[in-house]
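Survey of secondary and tertiary structure
Spelled out from the first residue to the last, the chains are:
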Amino acid sequence: MLRKSETLIFKYFLNLINGAFLVLGLLLMGFGAWLLLDRNSFFTVLDENNHLEVYIFRILMGTGSATVLLCLLGYLGIHNEIRWLLILYAVLLTWAFGVQVVLSALIFTKKDEVRQMWHDEIDSVIIKYGSKDLPEDIPKWTILNALQKTLQCCGQKNYTDWIKNKNKENSEQVPCSCTNSTLRNWFCDEPLNATYLEGCENKINTWYHANVLTLIGINFGLLASEVLQVSLTISFFRHIKNRIYAEK
């Protein structure tokens, strides 16, 4: 009776942690899939010539998918008390732990490189914005307009960044998205008190850091789950082994 109760307790906690592990894996997979597949996102449009983010997003989605499959494997081993499956589960969890440590380090070390790339690309978009010779860049300009309008910001540092743009009718113009105007033209003549003075860089950096912290948080949650799950799996394996010997 006591051994049966211990088995139920082991299964309960293993399945509980496995469930949390599954949810975290789904979040990681969903986050990676969204960043990879959302072709209308601001950073995807800017990154058409640089595949660094695409590689990172694929790694995220792949890691999340592997996590989900690993949880299903663990459930089968736990529910049916299959010892070799439990060993395989523990080994794969240990391997996943190592992969995620490397992934976390990669994201942390590459964040400045990615941020600088975005910085340069936004400068390029500002310079080319509104050019009649570059109709293929209209999606970039449209998304930049949406960004400025939504965040109520103008330019990268501030509204004076638009001085670099030579496609305006006069030097005082700024994009209509930098102002309170409801016009849908590329540029507007609006007074300074109707123009968003703050630049978008700080707000974009806030968005970037918020996503990086979320991602790192998910990874650390997975790492903690893996360590605990490996420990419980090994203990459960020993419990099953001892129970089998006791029944002989």
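To be clear, the structure that these remarks concern was listed above.
Predicted, not measured: the structure shown is a model, and the values here were computed from it.

Quick look at the pattern of salt bridges
Tallying each qualifying case throughout the model produces 2 salt bridges. For K157, the salt bridge is made with E201, and the minimal N-O distance between the two is 2.9 Å. With K157 in the loop between helix 5 (138–151) and strand 1 (174–175) and E201 in helix 6 (residues 201–247), this residue pair connects regions lying 44 residues apart in the sequence. When its relative accessible area of 53% is taken as the criterion, K157 is described as exposed.

Observations regarding the packing of aromatic side chains
Using the criterion set out here, one finds 5 aromatic pairs in the structure. With a centroid separation of 5.9 Å and 55° between ring planes, the pair formed by Y129 and W141 is classed as tilted. Of the two residues, Y129 sits in the loop between helix 4 (83–128) and helix 5 while W141 sits in helix 5, which places them 12 residues apart along the sequence. With a centroid separation of 5.4 Å and an interplanar angle of 90°, the aromatic rings of W141 and W186 are classed as edge-to-face.

Some details on the nonpolar core
F21, L70, I78, Y89, L93, L222 and F236 are the most contacted members of the largest nonpolar core, which totals 21 residues. Counting residues per element, the ones that place at least two in this core are helix 1 (2–37), helix 3 (52–80), helix 4 and helix 6. By residue number, the principal contributor to this core is helix 3, which donates 6 residues. If near-sequence neighbours (up to four positions away) are discounted, L222 is found in contact with F21, L24, G25, L28, T67 and Q100. By size, the runner-up hydrophobic cluster in this structure holds 16 residues, among which are W141, L144, W162 and V174.

What to know about the state of the cysteines
Evaluated as defined, the whole model comprises 3 disulfides. The disulfide that involves C153 links it to C200, with 1.9 Å between the sulfurs. What sets the handedness of the C153 and C200 disulfide is the S-S torsion sign, and at about 95° it is right-handed. Here C200 lies in the loop between strand 2 (187–188) and helix 6 and C153 lies in the loop between helix 5 and strand 1, a separation of 47 residues in the sequence.

Here's the deal with the environment of N185
By the secondary structure assignment, N185 is in the loop between strand 1 and strand 2. Along the sequence, N185 and G130 sit 55 residues apart, while their C-alpha atoms lie 9.4 Å from each other.

Looking at helix 5
Because an α-helix packs 3.6 residues into every turn, residues spaced three or four apart end up facing the same way. For helix 5, with 14 residues, the first-to-last C-alpha span of 20 Å sits near the 20 Å given by 1.5 Å per residue. Looking only at helix 5, the buried set comprises K140, W141, I143, L144, N145, L147 and Q148. Just downstream of helix 5 lies Q152, where phi reads positive at about 55°.

Digging into the environment of N15
Position of N15 relative to the elements: it lies in helix 1. Residue classification places N15 among the partly exposed positions, given a relative accessible area of 29%. Remark: the alpha-carbon pair of N15 and H79, spanning 64 residues in sequence, is separated by 8.6 Å. Beyond its immediate chain neighbours, meaning those up to four positions away, N15 contacts Y75 and I78.

Regarding unusual backbone geometry
We note that Q152 has phi near 55°; this positive angle belongs to a residue other than glycine. As for its placement among the helices and strands, Q152 is situated in the loop between helix 5 and strand 1. For Q152, a relative accessible area of 47% corresponds to the partly exposed category.

Focus on the environment of Y75
Considering the arrangement of structural elements, one finds Y75 in helix 3. Among the residues examined, Y75 registers a relative accessible area of 40% and is labelled partly exposed. The spatial distance from the C-alpha of Y75 to the C-alpha of K11 is 9.4 Å, given a sequence separation of 64 residues.

Analysis parameters
Residues numbered from 1 in each chain as written. Predicted model: local features only at pLDDT ≥ 70, side-chain atom pairs only at ≥ 80, totals over all residues. Heavy atoms only, no water. Salt bridge = Lys/Arg side-chain N within 4 Å of Asp/Glu carboxyl O. Helix = DSSP H or I, 4+ residues; strand = E, 2+ residues; numbered from the N terminus. Buried < 20%, exposed > 50% of the residue type's maximum accessible area, 1.4 Å probe, protein only. Phe/Tyr/Trp six-rings, centres within 6.5 Å; stacked < 30°, edge-to-face > 60°. Core = buried A, V, L, I, M, F, W, Y, C linked by side-chain atoms within 4.5 Å. Contact = heavy atoms within 4.5 Å. Disulfide = S-S within 2.5 Å. Expected span 1.5 Å × (residues − 1).

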